[in-house]
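Architecture and fold: a report
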Amino acid sequence: MSSAPGLPVPAGRTGAMVRSDFLQRFLAFGALIVLILFFQVWCVLIGTNFLTFENFVNILVATAVVGIMALGETFVVITGGIDLSVGTVMTISMVMTAVAITSQHLPVPVGILVGILTGGLMGLANGVLIARFRIAPFIATLGILNVARGLSLVITQTRPIYFPNNPEFQSGVMGNLFGLKISGEFGFPNIAIIMFGAALVAAFMLGKTALGRYTFALGSNEEAARLSGVNVANWKMLVYVVCGLFAGLAGVLSAARLGSAQPATGFGYELSAISAVVIGGTSLSGGEGTILGTIIGAFIVYVLTYGLQFVNVAQEWQIVVTGGVLIAAVYIDNLRRRQRV
Amino acid sequence: MTEPLVVMQGILKDFPGVHALVDCRFELLPGEVHALVGENGAGKSTLMKILGGVYKRDAGVITYKGAPVEIPNVANAQRLGISMVHQELNLMNHLTVAQNIFIGREPRAHGIPLVLDEGGLNDLAAALFERLHLRLDPTRRAGSLTVAGQQMVEIAKALSFNSSVLIMDEPTAALTDTEIDELFRIIRELRGQGVGVVHISHRLQELKQISDRITVMRDGRYIDTIGTADAKIEQIISMMVGRTIFEAVPEVPEKTNPEVVLEVRNLNRGSAIRDVSFSVHRGEIVGIAGLVGAGRTEVARAVFGADPIDSGEIFVHGKKVKISGPIDAVHHGIGYLSEDRKRYGLALGLSVETNIVMASLKRFVSRLGIVRSALTRSAAELQVQNLAIKTPSLNQRVRNLSGGTQQKVVVGKWLTADTEILIFDEPTRGIDVGAKSEIYHLLNALAHEGKAIVMISSDLPEILRMSHRVVVMCEGRVTGELTAAEATQEKIMTFATQREAAA
């Protein structure tokens, strides 16, 4: 059929675009390596060692909760939206898990399910507000952020809930893989396995399922998707539900990690999650992003936080640095998009 | 007599404050190409969007294949076998060509409900392109294609539904002649298969070539349907505008003033602008012709400082100037009137007065930073009178004005800023036939006053009618320059398609 009359389609900028994608992925990974080396040098200068198995495990554990939150946030940001409520949705999920296990005396697996579904429910609330009532994502999720935060405090009467009768919950999540100790007391923590498992699920959903396809479609050109007969409102709602479910899972893990539900935590985690997503190369203007990038982004955020703590930089300064990193990531995202135009 | 595929009767559609459609009719037979024509705002797109499930009608009956139907949404229309190529490109740039075409209809891997089969998707797209004889790569990102390539993707998508009705809203606006021929080949093939094709276009010559019947609309109303073979272009135009317009007579070129106002030398920017030089004299209109993507707008934006340049010199009144941003351009008396007025030329939500003084507000501000409203008012009034801007008041929001009037507001803005060099990018795009001649009149008056005018246009008759000199571009280069006396459509097209051998 090569003799058939056809339209010559002149070469566009594919080459440059592929190169820039590659660079972007390499950039995030490269930044992670540079950051680790930076702290190693700092530690050597002050006479300690950063590259220890203990630190590796601590960073994995520290990253897991926000890393999982960031997975769901990735979906939302790819649609061109934003979910500010993930931090306190995590909190209310943590609280609901604790309530189920302690005052309701339900088995731990049921408590876990209650926590995850609570997250999903809050996500549904976001989704309905955004897709049905057409409230801007920024405002809708800011509202839900406070609703979840307030409800957590109301339910717990502002006091933490401990569950001393369910030690298997904490040990299951925080224990080592197959109980193996690799260095001293430290093995490969289950919570990190859960995060990587969740990341695989998220990557599959984003890359291979209809939900993933429409997530990109919505972010790329919502009107085009609508005119193609895609039920835009329903898929958008589902994306926020997915984000809520991941935040719910993060809440369950957080409860296990702390051995309690802490109603005053969670607020502010959303910024770390969004930082992870953006540092990982997901564009705030929608249409592009990867799960691998988000995981690398989450590690960058937590290597930075943990590293500063390890070299004894005051916690107040850590907060300042985290804010700066988010702004830098968004600025880099802008530069990257300007190049493509 | 064959049974019609579609009959629309008594269609009524109101938008807030406007009767978009009043008692409209339309009939489509199987195996016909039915052209729908009318000025901008006549309601063509609205009528077809009702058929395509984009809008809901307020009243009226649609009969499809003999039975009355409701078409509440796009998915519904597609299921019935009605698909539409929209006027604006509606692609998801981040997705591949195949993903775009089959969005919402992706094949599932091994029949698992939510899991997609990417390989199968690409095969489907490849088979579709084979059938249509299109050379497109299914796995390529839609955003990396040229405008024409994207348009072909849209058309392939519409055809992928195997629809009985195909609606095309100005599909040829961005296509070159060869591409249009290719599209028409496909349309004729579909007609042979019994598909009913609705073709909305402003290019009346083109409709003579491809259509079987022509329906004319005006002001949201049905005017008449005539067989193309019997139709004369002048007759169609007079039905469109509701009055007889005489064939446009070319304006007599002015005697050129020797004073060079703007000179551009060896302008370069990447592959978009390559070694472009031209000059504009006082009182002269220089037309820049070329196909879409030839780099004309890029040159205009570069001269105006909206985009950075790699190299090149710009002279205003023989003096070399450095333009590193629009602020410098305005300072040197250069004004740019974008083809996309609504996005780049106007603040739609603000008043006529605010828009007119926008580019020169500095002059109307007192030392304390307070706007002197008496001065802005009189400055705006001056332009409204000079340019005959049809607005109920200076406070009218620009959004509520017609396209032609909006264009005049932009002109007024630049005149208020004491602009001597005006770069018009597609000055009559989206402006209906009646208002066009007013814009032409205005351009001539401005030239007569001594302004130096650059006019970018894709409309060859417009270029021929207005320009004292024509600069033709292709692939970022200037491929030819013609005086008004030398210029013909054929010569311009020859230069406009003079691609580099080793491109």
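Preceding this paragraph is the structure being described.
Read on for an overview of the structure.

So, how was this worked out
Residues numbered from 1 in each chain as written. Chains lettered and ligands numbered in written order. Predicted model: local features only at pLDDT ≥ 70, side-chain atom pairs only at ≥ 80, totals over all residues. Heavy atoms only, no water. Helix = DSSP H or I, 4+ residues; strand = E, 2+ residues; numbered from the N terminus. Rg over C-alpha atoms; globule rule 2.2 N^0.38 Å. Contact = heavy atoms within 4.5 Å. Areas by Shrake-Rupley, 256 points an atom, 1.4 Å probe, with all protein chains shown as cover. Lys, Arg positive; Asp, Glu negative; His and termini not counted. Charge placed at Lys NZ, Arg CZ, Asp CG, Glu CD. Buried area = accessible area lost by both parts, 1.4 Å probe. Salt bridge = Lys/Arg side-chain N within 4 Å of Asp/Glu carboxyl O. Polar contact = N/O pair within 3.5 Å; in protein donor to acceptor, adjacent residues only side chain to side chain. Buried < 20%, exposed > 50% of the residue type's maximum accessible area, 1.4 Å probe, protein only. Axes fitted to C-alpha atoms, helices over the stretch in contact; angles between N-to-C directions. Left-handed = near helix turned anticlockwise from the far one by under 90°. Nonpolar A, V, L, I, M, F, W, Y, C, P; charged D, E, K, R; others polar. Expected span 1.5 Å × (residues − 1). 1 Å grid on protein atoms, 1.4 Å probe; cavity = no way out; pocket = protein on both sides within 12 Å on 5 of 7 lines; lining within 4 Å. Points joined across faces, edges and corners; volume = space filled by probe spheres on them. Pairing = 2+ DSSP bridges. Core = buried A, V, L, I, M, F, W, Y, C linked by side-chain atoms within 4.5 Å. Parallel < 35°, antiparallel > 145°, perpendicular 65-115°, else oblique.

**Here we look at the overall build of chain A**
- In terms of regular secondary structure, chain A is built from 12 helices and 2 strands.
- Helices and strands appear in chain A in the N-to-C order α-α-α-α-α-β-α-α-α-α-β-α-α-α.
- In terms of C-alpha radius of gyration, chain A reaches 21 Å, essentially the compact-globule figure of 20 Å for 341 residues.
- Referenced to the eigenvectors of the C-alpha coordinate spread, the extents of chain A come out at roughly 75 × 50 × 40 Å.
- Here the analysis covers contacts within chain A between residues at least 6 apart in sequence; of these, 77% occur between residues at least 24 apart.
- When the accessible surface of chain A is totalled, it reaches about 15200 Å², and 69% of it is carbon and sulfur.
- Here chain A contributes 17 positively and 12 negatively charged side chains, and the mean placements of these two sets differ by 9 Å.

**Points about the interface of chain A and chain B**
- With 37 residues of chain A at the interface, the matching set in chain B holds 38 residues.
- In this assembly, chain A packs against chain B so that about 3100 Å² is buried in total across both faces, 59% of it on carbon and sulfur atoms.
- On inspection of chain A and its partner chain B, the count reaches 1 salt bridge.
- Joining chain A to chain B, the criterion identifies 9 residue pairs in polar contact (both at pLDDT 80 or more).
- At the level of elements, α1 (14-45), α7 (190-208) and α8 (210-227) of chain A are the ones that each hand at least two residues to the side of chain A that touches chain B.

**A word on unusual backbone geometry**
Residue and element names in this part refer to chain B.
- Located in the positive-phi region is histidine 133, a residue other than glycine, with phi close to 55°.
- Position of histidine 133 among the secondary structure elements: in the loop between α4 (118-132) and α5 (147-159).
- The phi dihedral of glutamate 475 is positive, around 50°, even though this residue is not glycine.
- Tracing the backbone through its elements, the reader meets glutamate 475 in the loop between β19 (469-474) and β20 (477-483).
- Glutamate 475 gets classed as partly exposed once you look at its relative accessible area, which sits at 21%.

**Section: the environment of alanine 142 of chain B**
Residue and element names in this part refer to chain B.
- Mapping alanine 142 onto the fold places it in the loop between α4 and α5.
- As for alanine 142 and asparagine 93, which are separated by 49 residues in sequence, their C-alpha atoms are 4.8 Å apart.
- Filtering out sequence-adjacent residues up to four positions away, alanine 142 remains in contact with Leu91, Met92, Asn93, Leu95, Thr96, Val97, Asn100 and Gln150.

**Re the packing of helix α2 (residues 53-78) of chain A against helix α10 (residues 269-279) of chain A**
All names here are of chain A.
- Running from N to C, α2 and α10 point in directions that differ by 65°, and their axes come no closer than 8 Å. The chirality of how α2 crosses α10 is right-handed. In contact with Val66, Met69, Ala70, Glu73, Thr74 and Val77 of α2, α10 contributes Tyr269, Ser272, Ala273, Ile274, Ala276 and Val277.
- The class makeup of the residues in the contact of α2 with α10 is 9 nonpolar, 2 polar and 1 charged.

**Regarding helix α9 (residues 232-258) of chain A**
Residue and element names in this part refer to chain A.
- Here α9 is 27 residues long and its end C-alpha atoms lie 39 Å apart, about the 39 Å a rise of 1.5 Å per residue gives.
- Burial analysis of α9 places 22 of its 27 residues in the buried class, which makes it a mostly covered element.
- The positive-phi residue at the C-terminal boundary of α9 is glycine 259, with phi of around 65°.

**Overview of empty space enclosed by the protein**
- According to the stated counting rule, one finds 2 cavities of 30 Å³ or more in the structure shown.
- Its volume calculated, the largest cavity comes out at about 160 Å³.
- Around the largest cavity, the lining comprises 18 residues; the ones closest to its centre are Leu227 of chain A together with Gln78, Met84, His86 and Lys157 of chain B.
- Contributions of two or more residues to the lining of the largest cavity are made by α8 of chain A together with α2 (74-80), β6 (82-85) and α5 of chain B.
- At 4 residues, β6 of chain B tops the list of elements feeding residues into the lining of the largest cavity.
- Of the residues belonging to the lining of the largest cavity, the class tally is 10 nonpolar, 6 polar and 2 charged.
- In this structure, the second largest cavity spans a volume of roughly 40 Å³.
- Elements with a contribution of two residues or more to the lining of the second largest cavity: α11 (291-310) and α12 (315-340) of chain A.
- For the lining of the second largest cavity, the element with the highest residue contribution is α11 of chain A, accounting for 4 residues.
- Grouping the amino acids of the lining of the second largest cavity by side-chain chemistry returns 3 nonpolar, 3 polar and no charged.

**Looking at the sheet that holds strand β8 (residues 196-200) of chain B**
Residue and element names in this part refer to chain B.
- The strand order across the open sheet built from 6 strands is β6-β7-β8-β3-β9-β10, with neighbouring strands paired in mixed fashion. Unpaired on one side and paired on the other, β6 and β10 (221-227) mark the two borders of the sheet. For this sheet, the mean inter-axis angle between neighbouring strands, taken without regard to orientation, is 20°.
- Relative to strand β7 (residues 165-169), β6 is paired through 4 bridges, and the arrangement is parallel. By the bridge assignment for β7, methionine 84 is matched with isoleucine 167.
- This element, α5, spans β6 and β7 of the sheet and lies at about 175° to β6.

**Some thoughts on the sheet that holds strand β17 (residues 421-425) of chain B**
All names here are of chain B.
- Taken in spatial order, the 6 strands make up an open sheet running β16-β17-β18-β13-β19-β20, and their pairing is mixed. Each edge of the open sheet carries a strand with a single partner, namely β16 (334-337) and β20. Pairwise comparison of adjacent strand axes, ignoring direction, gives a mean angle of 20° for this sheet.
- In terms of strand pairing, strand β13 (residues 285-289) meets strand β18 (residues 452-456) through 4 bridges, oriented parallel. Bridge pairing in β18 places isoleucine 285 opposite isoleucine 453.
- Where helix α9 (residues 296-303) meets the sheet, its contacts fall on β13, β16, β17, β18 and β19, and the angle it forms with β16 comes to roughly 145°.
- On the sheet, helix α17 (residues 489-496) packs against β13, β19 and β20 and is oriented at approximately 35° with respect to β19.

**Looking at the nonpolar core**
- Judged by nonpolar contacts, the single largest core of 101 residues is most densely connected at Phe39, Ile68, Met69, Leu71, Phe75, Phe169 and Phe246 of chain A.
- Among the elements that line this core, the one with the most residues is α2 of chain A, at 16 residues.
- If near-sequence neighbours (up to four positions away) are discounted, phenylalanine 169 of chain A is found in contact with Thr97, Ile101, Val108, Ile112, Phe163, Val252, Ala255 and Ala256 of chain A.
- Of all hydrophobic cores here, the second largest spans 72 residues; its members include Val299, Val384, Val454 and Val471 of chain B.

**As for the pairing of β10 of chain B**
All names here are of chain B.
- As paired strands, strand β9 (residues 213-218) and β10 are joined by 6 bridges and run antiparallel to one another. Of the residues in β10, the one forming a bridge with threonine 215 is threonine 225.
- Turn length for the β9-β10 hairpin, with the two strands adjacent in sequence and antiparallel, is 2 residues, and the turn residue aspartate 219 shows positive phi of about 50°.

**Observations concerning the environment of serine 260 of chain A**
Residue and element names in this part refer to chain A.
- By the element assignment, serine 260 lies in strand β2 (residues 260-261).
- Of the residues examined, serine 260 reaches a relative accessible area of 0% and is grouped as buried.
- Counting along the chain gives 89 residues from serine 260 to serine 171, while the straight-line C-alpha distance between them is 13 Å.
- Sequence-distant contacts of serine 260, defined by excluding residues within four places in its chain, comprise Met94, Ile161, Tyr162, Phe163, Ser254 and Ala255.

**Section: the pattern of salt bridges**
- As enumerated under the stated definition, the model contains 21 salt bridges over all chains in all.
- Here arginine 213 of chain A and glutamate 118 of chain B are joined by a salt bridge, their closest N and O atoms 2.6 Å apart. With arginine 213 of chain A in helix α8 and glutamate 118 of chain B in helix α4, this residue pair bridges two chains.
- On the accessibility criterion, arginine 213 of chain A (6% relative accessible area) is buried.

**A few points about the packing of helix α3 (residues 86-101) of chain A against helix α5 (residues 137-156) of chain A**
Residues and elements named next belong to chain A.
- The contact between α3 and α5 brings their axes to 8 Å, and the two run at 25°. On the basis of the axis angle, α3 is roughly parallel to α5. Crossing geometry of α3 relative to α5 is assigned as left-handed. For the pair formed by α3 and α5, the contact residues are Thr88, Val89, Thr91, Ile92, Val95, Met96 and Val99 on the first element and Ile144, Leu145, Ala148, Arg149, Leu151, Ser152, Ile155 and Thr156 on the second.

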